Amino acid sequence: MAQRMITLLAAAAVVMGGAATSAAHAGTTAGGRLTAAGAETTLGQLAAERGRYFGSATDNPELSDAPYVAILTSEFGEITPGNSMKWYATEPSPGVFTFAAADTIVSLARQHHQIVRGHNLVWHNQLPAWLTAGTFTPAQLRQILRRHIITEVSHFRGKVYSWDVVNEPLNEDGTFRQTMWYNALGSSYIADALRWAHEADPHARLYINDYNIDGLGAKSDGMYSLVKSLKRQHVPIDGVGMQGHLILGQVPTTIEPNMQRFVRLGVDVAVTELDIRMNLPRDAAKDAQQAADYTSVVSACLAVRRCVGITVWDYTDKYSWIPGVFAGQGAATPYDESLQKKPAYFAVASVLAAHSR
Ligand code: G3I
């Protein structure tokens with residue numbers, strides 16, 4: 001299965017022409033290397049040289065911003081739709097599916113030879129009112145979940161590299177979150193969801209994705225037990241997504257050993273929603289700390305054989321979700337609000353380039 005991503009990445013590398021390979025023989029700038037043609041090697045190209053992707057989330061309203069799209073489609077090897085594959089967007093009425101917004105992002109990615117992570121199939125947020133306000137028996141809810149997963153995954157069959165099949169199923173203490181799914185169906189909804197997704201697209205890589213499982217700790221222990229039990233039951237689970245919504249100066253020091261223990265269970269790992277927020281305003285010291293923090297995360301991934309890639313939860317502060325949710329915080333991404341590269345960008349480029357062969 002890992003072979004599939006390598007094939008996808010190889011295809012992308014071919015399309016990138018000789019840029020990635022010739023970069024190995026070219027000079028170095030503050031952030032990365034220059035290709036023979038003098039263009040700076042992109043984060044996507046540098047990551048691809050390590051057999052990984054470096055991607056970004058995006059959302060449909062942002063696609064009318066041409067300078068933003070130019071960077072989104074050139075700098076990154078992977079795209080995750082930030083909202084448009086979620087339940088409220090894809091099944092707004094029972095059994096009525098609308099994939100137009102997600103299709104727009106998937107075709108944009110395909111045009112630019114970028115792989116796509118599907119996000120997400122089962123979650124407790126951004127559900128349509130007909131679902132949250134409805135009254136269903138457990139058997140009905142199970143059928144509703146099955147129909148949703150089979151329909152959505154089938155629609156994107158062959159076009160999505162990996163799915164966050166189950167999103168955020170755990171509490172901070174590692175126990176199961178009491179969601180409408182868990183309350184009606186028990187923890188079996190997780191195995192069912194993975195099996196249905198596998199049935200609909202046997203080649204997609206299937207993930208469970210959560211936050212605050214980046215380093216060792218109670219929540220990560222809960223995820224570890226869950227994945228171990230799923231593997232024991234031969235449930236099709238291919239990866240664990242560590243979202244990576246981190247705080248300046250507080251990046252866990254145990255990302256690498258934490259990733260390693262999941263890999264030993266026989267799954268891939270990925271950093272799926274990376275951002276590192278700070279108290280505003282930015283200043284040079286905070287930018288430097290953030291650069292060091294991004295370096296820590298990227299280095300941890302590069303040290304783990306089956307850490308397949310990193311996605312930033314949008315690449316620019318212009319469209320980051322942070323200020324809207326955490327008052328007084330932000331500046332969490334590698335590009336500023338004017339789409340200029342920040343020290344965090346150059347740090348990521350350097351660490352990827354340093355590890356390139
Ligand atoms: O669609 C409405 C629009 O009609 C309305 O005008 C506008 C006014 O605020 O709101 C729009 O909905 C917003 C939606 O994003 C689409 O833009 C919601 O208010 C807003 O809450 C929602 O936020 C999203 C959030 O998930 C919801 O939990 C973020 O964009 C999205 O980046 C974020 O992503 C999550 C991952 O899925 C899971 N991990 C955490 C991550 C960050 O919260």
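If you're wondering where the values come from, they're calculated on a predicted model, not measured in any experiment.

Rules of the game
Each chain has its residues counted from 1, following the order in which its sequence is written. pLDDT decides what is reported in this predicted model: residues at 70 or higher carry local features, side-chain atom pairs at 80 or more are listed and counted, and totals for whole chains, interfaces and linings draw on all residues regardless. Hydrogens are left out, water is left out, and the side-chain values use all remaining heavy atoms of the structure. Helix numbers and strand numbers start at the N terminus; a helix is a DSSP run of H or I with at least 4 residues, a strand a run of E with at least 2. Only protein chains enter the calculation, and the probe is 1.4 Å; a residue is then buried if its accessible area is under 20% of its type maximum, exposed if over 50%, and partly exposed in between. Counted as positive: Lys and Arg. Counted as negative: Asp and Glu. His and the chain ends are not counted at all. Salt bridge, as used here, is a side-chain nitrogen of Lys or Arg placed within 4 Å of a carboxyl oxygen of Asp or Glu. Polar contact criterion, stated in full: a pair of N or O atoms within 3.5 Å, where within protein one must be able to donate a hydrogen and the other to accept it, and residues adjacent in sequence count only if both atoms are side-chain atoms. For cavity detection a 1 Å grid was placed over the protein atoms alone, and a set of points counts as a cavity when a 1.4 Å probe fits there but cannot get out; an open set counts as a pocket when protein lies on both sides within 12 Å along at least five of seven lines, with lining residues being those that have an atom within 4 Å of a point. Grid points are joined across faces, edges and corners, and a volume is the space filled by probe spheres set on the points. The definition used for a disulfide is geometric: two cysteine sulfur atoms within 2.5 Å.

Caption draft 1: Representation of the side chain of aspartate 314 in the model. Counting through the fold element by element, aspartate 314 comes out in the loop between β9 (307-312) and α14 (322-325). The side chain of aspartate 314 is buried and forms no salt bridge, while lysine 318, the nearest opposite charge, is found at 10 Å. Looking at aspartate 314, its side chain comes within polar contact range of the side chain of tyrosine 68, at 2.7 Å.

Caption draft 2: Focus on empty space enclosed by the protein. Summed over the entire model, instances satisfying the criterion amount to three cavities of 30 Å³ or more. Each pocket or cavity is described by its volume, and for the largest cavity that value is around 40 Å³. Residue lining of the largest cavity: Asp214, Met242, Gly244, Leu246, Ile255, Met259, Val271, Leu274 and Val297, and that is the complete set. Within the residue set of the lining of the largest cavity, elements represented by two or more residues are α12 (255-264) and β8 (268-279).

Caption draft 3: Representation of the state of the cysteines in the model. Enumeration over the complete set of coordinates arrives at one disulfide. A disulfide bridge connects cysteine 301 with cysteine 307, and the sulfur atoms are separated by 2.1 Å. The sign of the S-S torsion, about -100°, decides the handedness of the disulfide formed by cysteine 301 and cysteine 307: left-handed. Overall, the relative accessible area of 1% leaves cysteine 301 in the buried class. Accessibility expressed as a relative area gives 1% for cysteine 307, which makes it buried.

Caption draft 4: Main features of the environment of alanine 184. Along the polypeptide, alanine 184 turns up in helix α9 (residues 180-185). Looking at alanine 184, the relative accessible area reads 28%, which means it is partly exposed.

Caption draft 5: Inspection of unusual backbone geometry at higher detail. Following histidine 119, the chain continues to asparagine 120 via a peptide bond in cis, the omega torsion being -10°. By the element assignment, asparagine 120 lies in strand β3 (residues 115-122). Put simply, leucine 280 and proline 281 share a cis peptide bond, and its omega is 0°. Tracing the sequence through the fold places proline 281 in the loop between β8 and α13 (284-302).

Caption draft 6: Just the pattern of salt bridges, in detail. According to the stated counting rule, one finds 14 salt bridges in the structure shown. In this structure, the salt-bridge partner of arginine 147 is glutamate 91, at a minimum N-O distance of 3.2 Å. A residue pair is termed long-range when its members are at least 10 positions apart, and arginine 147 in helix α8 (residues 138-155) and glutamate 91 in the loop between α5 (87-90) and α6 (100-111) qualify at 56 residues. With a relative accessible area of 34%, arginine 147 lands in the partly exposed category. The exposure class of glutamate 91 is buried, given its relative accessible area of 0%. The partner of aspartate 221 in a salt bridge is arginine 261, with the nearest N and O atoms 3.0 Å apart. Taken as a pair, aspartate 221 in helix α11 (residues 218-232) and arginine 261 in helix α12 lie far apart in primary sequence, 40 residues in all. Residues participating in the shared-partner salt-bridge network are Arg205, Asp238, Asp268 and Arg306.

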